[in-house]
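Survey of secondary and tertiary structure
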Amino acid sequence: MNKKITLGILAHVDAGKTTLSEGMLYLSGTIRKLGRVDHKDAFLDTYELERARGITIFSKQALFDWKNVSFTLLDTPGHSDFSPEMERTLQVLDGAVLIISAADGVTSQVRLLWKLLSHYQVPTYIFVNKMDQPGMDKNLILEKLRTDLGNSVIDFSEGVSSPEIQEELAVCDDELLSGFLEGKEVTEGEISSLIVARKAFPVIFGSALKMQGVEELLNLITDHLVPVTGSDEAPFGARIYKISRDSSGNRLTHLKVTSGCLKVRDLIGDEKIDQIRIYNGEKFEAVKEAPAGTICAVTGLATTKAGEGLGTESKEKTAELIQPIISCSLILPEDADVVSFYKKLLILQEEEPMLRISLKELPGSSEKQIETQVMGEVQKEILKHLIKERFDIDVAFGPGHIVYKETIAGAVEGVGHFEPLRHYAEVHLLLEPAEPGSGIILENTCSTDVLALNWQRLILTHLQEKAHKGVLTGSEITDIRITLLTGRAHEKHTEGGDFRQATYRAVRQGLMEADNVLLEPIYNYRMELPQDCVGRALSDIQRMNGTVGLPDIEGGKSVLTGTIPAACLGDYASQLTSYTRGEGHIYTTLSGYAPCHNAEEVIASFDYDPEADLDNPASSVFCSHGAGTLIPWNEVRNYMHLDTGWDPQEGFEKKTDLTDSIDMEALKKLQTHRMKETSDNRSFAEIDRELRATNDELKAIFERTYGQIKPRYVDSAESRRRTKDTPPANSEPAAPVSLSKKKAAGIEAKSALIERPKEYLLVDGYNVIYASDELGSLAQTDLKAARDALIDLLVNFSGFRREITILVFDAYKVPGGTEHMEKHHDLTVIYTKEAETADQYIEKAAHEIGKKYRVTVATSDAIEQVIVMSSGALRLSARDFLLEVKHTEELIKEKMNKY
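Residues numbered from 1 in each chain as written. Predicted model: local features only at pLDDT ≥ 70, side-chain atom pairs only at ≥ 80, totals over all residues. Heavy atoms only, no water.

1. Focus on the overall build of the protein chain
Across its full length, the protein chain holds 26 helices and 42 strands. When each of the 899 residues of the protein chain is scored for burial, the buried share is 51%. Long-range pairs, those at least 24 residues apart, make up 71% of the contacts in the protein chain with a sequence separation of at least 6. Counting every atom, the protein chain has about 41500 Å² of accessible surface; 50% of that belongs to carbon and sulfur. (Helix = DSSP H or I, 4+ residues; strand = E, 2+ residues; numbered from the N terminus. Buried < 20%, exposed > 50% of the residue type's maximum accessible area, 1.4 Å probe, protein only. Contact = heavy atoms within 4.5 Å. Areas by Shrake-Rupley, 256 points an atom, 1.4 Å probe, with all protein chains shown as cover.)

2. Considerations on the sheet that holds strand E9 (residues 251-259)
Adjacent strands of a sheet pair through backbone hydrogen bonds, lying either parallel or antiparallel. Pairing is antiparallel in the open sheet, where six strands are placed in the order E14-E13-E16-E9-E8-E17. Strands with a single pairing partner mark the edges of an open sheet, and in this sheet they are strand E14 (283-287) and strand E17 (309-311). Between one strand axis and the next, the sheet turns through 40 degrees on average, direction left out of account. Strands strand E8 (237-245) and E9 of the sheet are contacted by helix H10 (residues 338-351), whose axis makes an angle of about 135 degrees with E8. (Pairing = 2+ DSSP bridges. Axes fitted to C-alpha atoms, helices over the stretch in contact; angles between N-to-C directions.)

3. Overview of the pattern of salt bridges
Where charged atoms of side chains with opposite charge meet at close range, the side chains can pair. Within this structure, the stated rule accounts for 33 salt bridges. For Glu 843, the salt bridge is made with Arg 488, and the minimal N-O distance between the two is 3.7 Å. With Glu 843 in helix H24 (residues 838-849) and Arg 488 in strand E27 (residues 480-489), this pair connects stretches of sequence that are 355 residues apart. Like Arg 488, Glu 843 is buried. Beyond isolated ion pairs, a larger network of salt bridges with shared partners links Arg 245, Arg 251, Glu 350, Glu 351 and Arg 390. (Salt bridge = Lys/Arg side-chain N within 4 Å of Asp/Glu carboxyl O.)

4. Regarding the packing of aromatic side chains
A full pass over the atoms with the stated rule returns twelve aromatic pairs. Considering the side-chain rings of Tyr 279 and Phe 284, the 5.2 Å spacing of their centres and the 45 degrees angle between planes classify their relative orientation as tilted. Taking the relative accessible area as the measure of exposure, Tyr 279 reaches 13% and is therefore buried. The ring of Trp 114 carries the charged tip of Arg 198 above its face, separated from the ring centre by 5.9 Å. A cation sits over an aromatic face here: Arg 277 above Phe 284, 4.2 Å from the ring centre. (Phe/Tyr/Trp six-rings, centres within 6.5 Å; stacked < 30°, edge-to-face > 60°. Lys NZ or Arg CZ within 6 Å of the ring centre and 35° of its normal.)

5. Some remarks on the confidence of the model for the protein chain
On average, residues of the protein chain score 81 in pLDDT, and 82% of them are at 70 or above. Note that pLDDT drops below 50 for residues 654-694; the model gives that stretch 80 contacts with residues more than four away or on any other chain. Within the model, pLDDT remains below 50 along residues 709-757, and this stretch shows 73 contacts once partners closer than five positions in the same chain are excluded. (pLDDT = per-residue confidence, 0-100.)

6. Considering the environment of Thr 445
Structurally, Thr 445 is set in the loop between strand E26 (440-444) and helix H12 (453-464). Note: C-alpha distance between Thr 445 and Leu 484 (39 residues apart in sequence) is 6.0 Å.

7. Details of unusual backbone geometry
Its identity is not glycine, yet Lys 67 carries a phi of approximately 55 degrees, on the positive side. Tracing the sequence through the fold places Lys 67 in the loop between strand E2 (60-66) and strand E3 (69-75). Although it is not a glycine, Lys 130 adopts a positive phi angle of roughly 65 degrees. Note on placement: Lys 130 falls in the loop between strand E5 (124-129) and helix H5 (138-149).

8. A few points about the nonpolar core
Core analysis: the largest hydrophobic core is formed by 40 residues, its most contacted members being Leu 7, Leu 20, Met 24, Val 97, Leu 169 and Leu 217. If one sorts the elements of this core by residue count, helix H9 (residues 214-224) sits on top with five residues. Ignoring anything within four residues of it in the chain, the contact list for Met 24 reads Leu 7, Ile 9, Phe 64, Leu 73, Val 97, Val 214, Leu 217 and Leu 218. Judged by nonpolar contacts, the second largest core, of 33 residues, contains Leu 93, Leu 98, Val 106 and Leu 149. (Core = buried A, V, L, I, M, F, W, Y, C linked by side-chain atoms within 4.5 Å.)

9. Let's talk about the side chain of Thr 222
Here Thr 222 shows up in helix H9. Taking the relative accessible area as the measure of exposure, Thr 222 reaches 4% and is therefore buried. Separated by 2.8 Å, the side chain of Thr 222 and the backbone oxygen of Leu 218 make a polar contact. For Thr 222, the residues in contact, after removing those within four places along its chain, are Lys 3, Trp 66, Lys 67, Asn 68, Val 69 and Phe 71. (Polar contact = N/O pair within 3.5 Å; in protein donor to acceptor, adjacent residues only side chain to side chain.)

10. Concerning empty space enclosed by the protein
Taking a probe equal in size to a water molecule and rolling it over the atoms shows the remaining empty space. Overall, the coordinates contain five cavities of 30 Å³ or more when judged by the stated rule. Counted as a void, the largest cavity has a volume near 70 Å³. Forming the boundary of the largest cavity are Leu 330, Leu 345, Leu 348, Leu 355, Ile 357, Ile 370, Thr 372, Leu 383, Ile 387 and Phe 397. Elements supplying a minimum of two residues to the lining of the largest cavity: H10, strand E20 (368-374) and helix H11 (377-391). Residue classes in the lining of the largest cavity are distributed as nine nonpolar, one polar and no charged. (1 Å grid on protein atoms, 1.4 Å probe; cavity = no way out; pocket = protein on both sides within 12 Å on 5 of 7 lines; lining within 4 Å. Points joined across faces, edges and corners; volume = space filled by probe spheres on them. Nonpolar A, V, L, I, M, F, W, Y, C, P; charged D, E, K, R; others polar.)

11. Overview of the packing of helix H22 (residues 773-781) against helix H23 (residues 783-800)
Interhelical geometry of H22 versus H23 gives an angle of 150 degrees and a closest axis separation of 6 Å. Mapping the contact onto sequence places Leu 775, Leu 778, Ala 779 and Thr 781 in H22 and Leu 783, Ala 785, Ala 786, Ala 789 and Leu 790 in H23. The residue makeup of the contact of H22 with H23, split by class, is eight nonpolar, one polar and no charged.

12. Overview of the pairing of E8
Of all nine residues in E8, eight are buried, a share of seventy percent or more. One ladder, built from eight bridges, connects E8 with E9; its direction is antiparallel. Looking at the pairing, Ala 238 lines up with Val 257 of E9. Between E8 and E9, which pair antiparallel in sequence order, lie five residues; one of them, Gly 249, sits at a positive phi of approximately 90 degrees. With three bridges connecting them, E8 and E17 associate as antiparallel partners. If you follow Gly 237 over to E17, its bridge partner there is Gly 311.

13. A short note on H23
With 18 residues, H23 should cover 26 Å at 1.5 Å per step; its first-to-last C-alpha distance of 26 Å lies within 8% of that length. Taken as a whole, H23 has its buried residues at Ala 786, Arg 787, Leu 790, Ile 791, Leu 794, Val 795, Phe 797, Ser 798 and Phe 800. (Expected span 1.5 Å × (residues − 1).)

14. Points about the environment of Val 106
Assignment of secondary structure puts Val 106 in the loop between strand E4 (95-101) and helix H4 (108-119). The spatial distance from the C-alpha of Val 106 to the C-alpha of Asp 148 is 7.1 Å, given a sequence separation of 42 residues. Every residue in contact with Val 106, bar those within four places of it in the chain, is listed here: Ile 100, Arg 111, Leu 145, Asp 148 and Leu 149.

15. Side note on the sheet that holds strand E39 (residues 820-824)
One open sheet accounts for six strands, arranged E39-E40-E38-E37-E41-E42; its pairing is mixed. Edge strands, defined here as strands with exactly one partner in the open sheet, are E39 and strand E42 (874-876). Here the strands of the sheet are splayed against their neighbours by 20 degrees on average, with no regard to which way each runs. Note that strand E38 (residues 804-809) and strand E40 (residues 827-831) share four bridges and pair parallel.

In structure tokens:
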């Protein structure tokens, strides 16, 4: 076989979809007898309830060969209640046949199918069925199709060689039209390109029941449809379109291999393929491998979901257009255990994800209630039957209510922290409004220099794994872009579950701060009614908060189109039938979700308190005195260990992670340069010049990445950097007093201290110790002695300098360590708490202090230097800081010698 084609059959219910499938299988010799839906012997209607009701409920697979092509036929559900399963099947099709009943024309369901085929860019053939019925006019039907579906709908029943058809084909493409006007014919290859590109839609008229037009349709597909599958030698990729279970309870993952080859015992993530099945109706054949283009079902995968990609295919599920808008409670027998039965129902949710089964507490009670979302009454009946068959329990459905959703109107940063004892995770997310109908979009701008890739992937997984609740009514959120900005893990204490907690809390905290919007489902409608009833209809539409376009006239009837909130439509179809004396009809399709027309009323009716929803907390957990402490959502930002620069009023100062896309090569060169041995014989002026040049170089690296740094304080003439012995500008010199040299120097220093504006110097203690040959050598044998030596060294330094000096030592690896402060004369020494590094403390302190005062940070950590620079702080390498300490000692000696 040269080609493999996956072909889908789509239609409105009772349009003849299963009958056409039977005809194709019969013509190809796959079946020897034509089955019929009304005879309950159709090859693809294998489920008992399908045969009983005469409708297709689950998508089925059949195989047949025609000429040089191997076909996999996917027969999809036609009833609107089962549209979500049909939609997932579209993702694996090479082409589709859309069946339209000649008698019914383009119904609302056909319009929905046409929209879905366009959304998934599936090449489409149209088969107009039931042309054998009396009064069917081919020309009128074709004209109506072009009116409803577009002028690219072309009749292929009589071939493509006639001048009229050639012209219609040429009009579909500008280049072909130019050639046609020059006398060139449209070739078979060009026709194939038009069909695959969805620029032309071939139409065949016939009767599937009488086998009229079926062979012509098969020949047309065989000649012109080109599959989009990759080669067998390419890396493996597949798209999952369905989850089911066989009669023995084995979990089946139905997928299409889009590239490469899938083999038994292959590993998909951490799971192994046990069996590969090729289904043909009810039966299957077990094979050892499935090459590209194969539709198969595999066992051994326990965590897959419908819509996911495997291998080279995008893992992210495709956002589906069809959504249920009705939610109902499930009424169980009195002796049933609600919680255990809920867990069983999650199996059904795997097979139909749109059920959205949830467990809720009844208002004012501790009792639980199961709720599920459904498409309509027929689906309810099927669910009752399935539950009875699977779990031997009779259930009923309570009254239905509208499914609302929530989104946000502006950008907000959500932060989550989870740090009970021996656990640690922090997550920062950016939540932004997305396009209507886009669902939840996930992005990642976090650098691996900040958070390891495995933790980043875990956070994105946690964002995907549940439907996050809004804070207005507790409804699912949608149309939000969530970007992972940054995060932090602990090398020893972080576990996977920690990031789940931090991620959920970050989403919730962001929503609590956001400007939230309640959304309601909106219908597109098409109303056909007598002209004398238009006035009443327009009045009703206005009353129902709907919109309406200009009335049109078709076949002697008025046609109104527009939108109506689903909550307002109610049973208007029956009212329309009544006041039009049976001549009026309304057809609706879900348009999507839009801001609710009566949001305040709906929110009040839900009476939802987001802070009382203990299953969805917005608070964060921090470790304090060895125990987890809850910090409310509106205070957590002040406690976070990371700062992205987000301001609740102004947004981001720089909307990017601080270490993302930094010129790391230049930074590494700079760090190497600063680590070189420094001569102690240089003058302070030489050191100062190099220090300024190095600061300028680091600033250039930062601004090359993020743009100009804006100072976070106003620098006055008097706040220029100087030692305490330098008097303020224009000040009078102090009168000499006969005192001891040491006391005189101290008084002079205190006088300068009183007059100066505040400046701060933050020192990374251990970084400085290991930058000193003497202190570093001492630390190898006695770390405490090295720490005490540095403190003694800086006591004199801080007493003489004008900056307020803060020396920071971390207790990162000290079990049970708590943050505490010690005062050594003018020197402040900070010991951080367990699991907090000096870097973390300094970054946070530089950000907070830098809002009002000048800050200098002494460290040789290159990444930390860039981060503190973003706060407007100056940086000083550890080695240059030691040189400045030495220079200050010399100044003190000179000052004392003067007295």
